[in-house]
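# A closer look at the structure
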Amino acid sequence: MNHLSVVDGILHVEQLALPELARTFGTPCYVYSRAALGAAMQGYKDALAGRDALICYAVKANSNLAILSLFARLGAGFDIVSRGELARVLAAGGDAGKVVFSGVGKSATEIREALSLGIMCFNVESEAELERIENIAAALKKRAPVALRVNPDVDPRTHPYISTGLRNNKFGIAIDQARAIYRRASQSQHLAVRGIACHIGSQLLDAEPAAEAAAKVLALADQLASDGIALQNLDLGGGMGIRYLDEDAPVPATYLAPLLAATAGRSERLVFEPGRSLVGNAGLLLTRVEYLKRGTEKNFAVVDAAMNDLMRPALYDAYHDIVPVAASRHTALPYEIVGPVCESGDFLGHARKLAIAAGDLLAILSAGAYGMTMSSNYNSRPRAAEVLVDGAAAHLVRRRESIADLYAGESSVP
Ligand SMILES: *Cc1c(COP(=O)(O)O)cnc(C)c1O
């Protein structure tokens, strides 16, 4: 987690002490560092300096408007997967002309809207979707910009739930079928073939699988060129991993190096779709210990955050480092860190050795990506607040949901 430090025994994000933020905004609360977000974006920009490249931030990692507007101002485009995400991008001041639209289930409404708003490219995931896009473009008397998202059948060596580039995944068009589909698309009056895209998975710790996928994508692009189909964009996806515990996580300069070497001298513009690596280590989830419970087999620390706030541990058995916000003189014991939700899968960490007491604050680290965006109201728990720290200032960028918000859209039958 970046821009996190201990000052006089108290954990700070940038210049702000976390107990102060807990007093002001309550818990559970997501806390993001603006400096960490900016530095993560700068890392990509530096690695891509001198190349014709566009960073399309994957909105699903963290879609708070404050983060989207920060990245838009830093020149980023966006990778979206729904009309809701497109609306967020526009509300945050993002440019539709820098948006790529991914996802296997784009509805007719979503396609119509995105086409009318002038997005940069649809990353098409099936022949049936291509046909739908073509029909909608014809009805609107437009030409839809498309790339095929190909599935290169490369094992990204990550968690099965977050690997997307294997033949047996639902994502993309099998790479050996793509050439024929490109030929058909290139003859359509209502499709403009713009590029090729691939994204093989998430939390990738070494660049080799991405390089392997890129080699297959480049070979196909060359075949297409010999068919008279010239591509403008090569979209190599996102997926770079981050450090949650002690992983040897790459930085953009090393992760992108083989991709940049493989594409050196080519005329296409490069597109990347990083999500997790831009926001993951720029955020934490601040929570308070409600109760300590000494069991016969295990000790439990029941905290006020739960799986509805941060689902990754329950969903993927993901590890998040959990640290006390203030040093204490209690004895350290191994605790199961659990939330109030009525599920045995509601845990945030197992067997964490912590010196804590009821009422203490804990920081669940590296929670900036796939944290708030995966949250729910399960157990009728209002969603947490989100706060962006900028130096010595804290901005509430999403207010905590109220109890009334929980059922605002519901009604009783007469
Ligand atoms: C989720 C996703 C990304 C972002 O992945 P990260 O691992 O967060 O970088 C990029 N592209 C597509 C198509 C995705 O589905």
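Above this note sits the structure.
Because the structure is a prediction, the values reported are computed rather than measured.

## Let's talk about the environment of M1
If you trace the backbone, M1 turns up in the segment before β1 (4-7). A residue is classified by how much of its surface remains accessible, and M1, at 22% relative accessible area, is partly exposed. M1 sits 320 residues away from D321 along the chain, and the two C-alpha atoms are 9.3 Å apart. In contact with M1, other than residues within four places in its own chain, are N281, A282, G283, L284, L365 and S366.

## Comments concerning helix α6 (residues 127-139)
Helix length check: α6 (13 residues) gives 19 Å between terminal C-alpha atoms against 18 Å at 1.5 Å per residue, within 8%. What α6 keeps buried is the set E129, L130, I133, I136 and A137. One side of α6 carries all its buried residues, which in axial view fall inside an arc of 130°. Exposed positions of α6 whose direction lies more than 90 degrees from the buried face are A128, E131 and A139. In this structure, the buried side of α6 is in contact with α5 (108-117), β8 (121-124), β9 (144-151), α7 (175-186) and β11 (191-197). One or two positions beyond α6, positive phi appears at K141, with a value near 55°.

## Things to note about the nonpolar core
If you look at the biggest cluster of nonpolar residues, it comprises 97 residues, and the most contacted ones within it are Y57, F71, F78, F122 and Y182. Counting residues per element, this core draws most heavily on helix α8 (residues 208-226), which supplies eight residues. Domain assignment of the residues forming this core places at least three in each of domain 1 (4-32 + 280-406) and domain 2 (103-272). When near neighbours in sequence (up to four residues on either side) are disregarded, Y57 contacts N62, I67, L68, F71, G77, F78, D79, P274, G275, L278 and V279. Within the second largest apolar cluster, 18 residues are counted, among which are L11, V31, A363 and V389.

## So, the site of the ligand
The environment of the ligand is formed by 14 residues, the closest being K60, S202, E273, R276 and Y370. For the ligand, an oxygen atom lies 2.8 Å from a polar atom in the side chain of K60. About the coverage of the ligand: the protein hides 94% of its 390 Å² of free accessible area. Structurally, the ligand is housed in the largest pocket.

## Thoughts on α8
Here α8 spans 27 Å end to end across 19 residues, near enough to the 27 Å set by a 1.5 Å rise per residue. Regarding α8, the residues found buried are P209, A210, A213, A214, V217, L218, L220, A221 and L224. Each buried residue of α8 sits inside an arc of 165° when the element is viewed along its axis, so together they form one side. For α8, the elements touching its buried residues are β9, α7, β11, β12 (233-235) and α9 (252-262). One or two residues past the end of α8 sits G228, with phi positive at roughly 85°.

What counts, and at which threshold
- Residues numbered from 1 in each chain as written.
- Predicted model: local features only at pLDDT ≥ 70, side-chain atom pairs only at ≥ 80, totals over all residues.
- Heavy atoms only, no water.
- Helix = DSSP H or I, 4+ residues; strand = E, 2+ residues; numbered from the N terminus.
- Buried < 20%, exposed > 50% of the residue type's maximum accessible area, 1.4 Å probe, protein only.
- Contact = heavy atoms within 4.5 Å.
- Expected span 1.5 Å × (residues − 1).
- Arc of directions from axis to C-beta.
- Core = buried A, V, L, I, M, F, W, Y, C linked by side-chain atoms within 4.5 Å.
- Domains from an automatic or database assignment.
- Near = heavy atom within 4 Å.
- Polar contact = N/O pair within 3.5 Å; in protein donor to acceptor, adjacent residues only side chain to side chain.
- Areas by Shrake-Rupley, 256 points an atom, 1.4 Å probe, with all protein chains shown as cover.
- 1 Å grid on protein atoms, 1.4 Å probe; cavity = no way out; pocket = protein on both sides within 12 Å on 5 of 7 lines; lining within 4 Å.
- Sits in = over half its atoms within 2 Å of the grid points.

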